[in-house]
Every structure is written in structure tokens, then in C-alpha cells.
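Coordinate inspection notes
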Amino acid sequence: MSTTLETGHRINLEKTAPGLKRVRIGLGWKVNAAEGQAFDLDSSVFLCRKDADDHPVMISNAHFVYYNHTTSPDGAVVHSGDNRTGDKDGDDEVIIVDLAKVEAAVVEMPIVVTIHDAEVRKQNFGRVSGAYVKVYNDDTGETIAQYDLNEDYSDKTALQFGSLYRRDGEWRFQAVGAGFKLNLATFIRKLGGTV
């Protein structure tokens, strides 16, 4: 049975789906772009430790998984690649996480979607509707949780949809829904990486 999450809500994935080994993170959206206008959303996941102030920091640049670097160093996180249109039914981009293979140093994985060349094209999430993130049991296909991003993000160019994180040895998911006026390079730097 799927749990519907609101902004800020958290769910213990392993208690909700006992025996869970692999999760599939499905991200979806609809783009309301002008005819002939390129509008490309890109999902990314950052494998992070926590710093002294309890903020997530990427372990290394290799721990940034996206369309151009589709697998984490430990092989635990795999990105499906870039969907440049967002016009198909179902999930537009998918991230698979093998929970047992995630290296011990990783305690949080923020899941972020940015608009490619948003500043140059003068685009923002005001043109995006129906954005959601779903967490599935990858072995059974069952939906564990869903979060619909229903707020007005019309001045934002990046959104953190959610975060997978480990607490007390168990994996959990938080519905975040935080918007930013950042491009992907700035987001990487914000999480301690270099561009």
C-alpha cells in the first residue's frame, strides 16, 4: 500500500516494506513550453556524508550521479539517463538504489531536478506541472510512497524533490519540495563539489 507524503513528511522505507533491498525513484513532470521551445529537466542524486554542522556534503565529485555520469563509484546508484522532453506517460527519469551496496560513509542522498540552461532560456518551474517523486520496491514494483510537488515554484530553477537518508541503520525517505534559484553547477558547489 502506497503512502502519500506531504512536504516535510518522512517515511521509514524498511519498516514500511520489510525485506526491501532495492528502491526505484521515479520522477515525473509535464512541461508547458511554447511550441518549438527546448525545455529540458535533469534529475541528479548526490551521495553525501554530513559535515560538522550536520549539512550534507558530497563525498567526492564521483559521488554525483546524473545523465552524464550514470553510476556511483560503489555501483549502488544507477541513473536511467536523460529524458529531454518530459512528454511520456509514467516516470520521466528513474534512479535505482541498491541499499545494501551503498558505501557506509553515505548517510544522505538529496534528489534534485534542475532546468538545463534555465538562465539563458529564461525558464523556471512555473512552466512545469504535475511534478512528483515515487519510491518503489524495485523487486516487486510496488509503490511505497508518493510525493506530489503542488506548490508554486514559478521563480525557481532547481527543486529538491526529496532525500533518501540513513538513520539508525535504516533507510528513510523525506519529501522535501525545496525550490532554489540555482543552476546545476551552483548546486554542486553548494554540496561541496567542484565544477
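Rules used throughout
Just so you know, the residues in each chain are numbered from 1, in the order the chain's sequence is written. Only residues with pLDDT of at least 70 get local features here, since the model is predicted, and only at 80 or more are side-chain atom pairs given and counted; chain-wide, interface and lining totals rely on the full set of residues. Excluded from the side-chain calculation are hydrogens and water; included are all heavy atoms of the structure. Every helix listed is a DSSP run of H or I at least four residues long, and every strand listed is a run of E at least two residues long, numbered separately from the N terminus. Exposure classes here rest on a 1.4 Å probe applied to the protein chains alone. A residue is buried below 20% of its type maximum, exposed above 50%, and partly exposed in between. Polar contact criterion, stated in full: a pair of N or O atoms within 3.5 Å, where within protein one must be able to donate a hydrogen and the other to accept it, and residues adjacent in sequence count only if both atoms are side-chain atoms. Every residue pair with non-hydrogen atoms within 4.5 Å of one another is taken to be in contact. Pairing of aromatic rings covers Phe, Tyr and Trp, the last through its six-membered ring, and needs centres within 6.5 Å; plane angles under 30 degrees mean stacked, over 60 mean edge-to-face, and all others mean tilted. Distance and angle both matter: a charge sits over a ring if NZ of Lys or CZ of Arg is within 6 Å of the ring centre and within 35 degrees of the ring normal. A 1.4 Å probe that fits into a set of points on a 1 Å grid over the protein atoms alone but cannot get out defines a cavity; an open set with protein on both sides within 12 Å along at least five of seven lines defines a pocket, and lining residues are those with an atom within 4 Å of a point. Grid points are joined across faces, edges and corners, and a volume is the space filled by probe spheres set on the points. The rule for pairing is simple: two strands pair if DSSP sees at least two bridges between them. Between N-to-C directions, angles span 0 to 180 degrees; the directions come from axes that are lines fitted to C-alpha atoms, helices contributing only their stretch in contact.

Below, the discussion takes up the side chain of Ser43. As for its placement among the helices and strands, Ser43 is situated in strand β4 (residues 41-46). Take Ser43: its relative accessible area is 1%, and that puts it in the buried class. Among the polar contacts made by the side chain of Ser43, one reaches the side chain of His79 at a distance of 2.8 Å. Among the polar contacts made by the side chain of Ser43, one reaches the side chain of Glu93 at a distance of 2.5 Å. Beyond its immediate stretch of four places on either side in the chain, Ser43 contacts Leu27, Tyr66, His79, Glu93, Ile95, Val112 and Val113.

For any two aromatic rings, the description comes down to two numbers: the centre-to-centre distance and the angle of the planes. Scanning all chains against the criterion turns up five aromatic pairs. On the basis of an interplanar angle of 85 degrees and a centroid distance of 5.2 Å, the ring pair of Phe180 and Phe187 is categorised as edge-to-face. Through a chain of ring-to-ring contacts, the aromatic side chains of Phe46, Phe64, Tyr66, Tyr67, Phe180 and Phe187 assemble into a single cluster. The aromatic ring of Tyr136 is capped on one face by Arg24, whose charged end is 4.2 Å from the ring centroid.

By volume, the largest pocket amounts to about 220 Å³. If you trace the largest pocket, you find 13 residues lining it, with Ile115, His116, Asp117, Asn183 and Leu184 closest to the centre. Of all the secondary-structure elements, those providing two or more residues to the lining of the largest pocket are β10 (108-115), α2 (118-121) and α3 (184-190).

Taken in spatial order, the six strands of this open sheet run β1-β12-β11-β3-β9-β8, and their pairing is mixed. Looking at which strands have only one partner, the edges of the open sheet turn out to be β1 (3-5) and β8 (77-79). Averaged over neighbouring strand pairs, the angle between their axes works out to 15 degrees when direction is ignored. Across eight bridges, strand β3 (residues 22-31) lies against strand β11 (residues 128-137) in antiparallel orientation. Bridge assignment links Arg24 to a residue of β11, and that residue is Tyr136.

Before going further, it helps to examine the pairing of strand β12 (residues 143-148). Across three bridges, the pairing between β1 and β12 is parallel. Residue Thr3 lies in a different strand from β12, and its bridge partner there is Ala145. Strand direction decides the pairing type here: β11 and β12, joined by five bridges, are antiparallel. Residue pairing in the sheet places Val135 in a bridge with Ala145 of β12. Where β11 folds back onto β12 in an antiparallel hairpin, the turn is made up of five residues, including Gly141, whose phi is positive at roughly 80 degrees.

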